[in-house]
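Architecture and fold: a report
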Amino acid sequence: MPGTVFSYTGRGQSQSPAFTVSASPWKLRYTASWTGFTSLYVIKENGETVNVAWQKVTSGVTYETFVHGRTGTLYFSAGSVPAEGEWSVAVVQ
């Protein structure tokens, strides 16, 4: 049964702590505290980066996407975020 293996809430353009996933694909759930465009990246330990979300978000709405081909130790980086904007991510595997 799928469960949340990592969750994090950040503020502004920042990065999450590292987390580990063992299988691909995995589900990413994310929310934002503002309405506007944002981007979320998944970064591997070696610096390899993939953009997993680039879209207009609405405050308080939960979005979901599947991430393929990214396993191991990873972290999130959020871009296009207002300085006081909060963003939350959850990894479900």
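Here is a short report on the structure shown in this document. Values in this document were obtained by computation on a predicted structure and should not be read as measured data. (Residues numbered from 1 in each chain as written. Predicted model: local features only at pLDDT ≥ 70, side-chain atom pairs only at ≥ 80, totals over all residues. Heavy atoms only, no water.)

1. Thoughts on the sheet that holds strand β2 (residues 19-21)
Applicable threshold: A pair of strands is treated as paired once DSSP finds two or more bridges between them. Strands here mean DSSP runs of E at least two residues long; helices mean DSSP runs of H or I at least four residues long; both are numbered from the N terminus. Interaxial angles span 0 to 180 degrees and are taken between N-to-C directions of axes, which are lines fitted to C-alpha atoms, for helices over the stretch in contact.
Here four strands make up an open sheet; going across it, the order is β2-β7-β4-β5 and the pairing antiparallel. Both outer strands of the open sheet, β2 and β5 (49-57), are each paired with one neighbouring strand and no more. Neighbour-to-neighbour, the strand axes of this sheet turn through a mean angle of 35°, independent of strand direction. Taken together, the eight bridges between strand β4 (residues 36-44) and β5 define a ladder with antiparallel strand orientation.

2. A short note on the environment of phenylalanine 19
Put simply, the rule is: Three labels apply to residues, based on accessible area from a 1.4 Å probe with only protein chains included: buried if under 20% of the type maximum, exposed if over 50%, partly exposed otherwise in between. Contact between two residues is taken to exist if any of their heavy atoms lie within 4.5 Å; hydrogens are not considered.
Examined against the element boundaries, phenylalanine 19 turns out to sit in strand β2. On the basis of relative accessible area, phenylalanine 19 is assigned to the buried category, the value being 5%. Placed 17 residues apart in sequence, phenylalanine 19 and proline 2 show a C-alpha to C-alpha distance of 17 Å. Discounting chain neighbours no more than four positions away, the residues touching phenylalanine 19 are Phe6, Trp26, Gly72, Thr73, Leu74, Tyr75, Phe76 and Val91.

3. Details of the nonpolar core
Applied cut-off: Here, nonpolar core refers to any group of buried Ala, Val, Leu, Ile, Met, Phe, Trp, Tyr and Cys residues whose side-chain atoms link them within 4.5 Å.
Core analysis: the biggest nonpolar cluster contains 22 residues, and Trp26, Leu28, Leu40 and Phe76 have the highest contact counts within it. Listed by contribution, the elements that provide at least two residues to this core are β2, β3 (26-32), β4, β5, β6 (63-67), β7 (72-79) and β8 (86-92). Aside from chain neighbours lying at most four places away, what touches leucine 28 is Leu40, Val52, Tyr63, Glu64, Thr65, Val67, Phe76, Val89 and Ala90.

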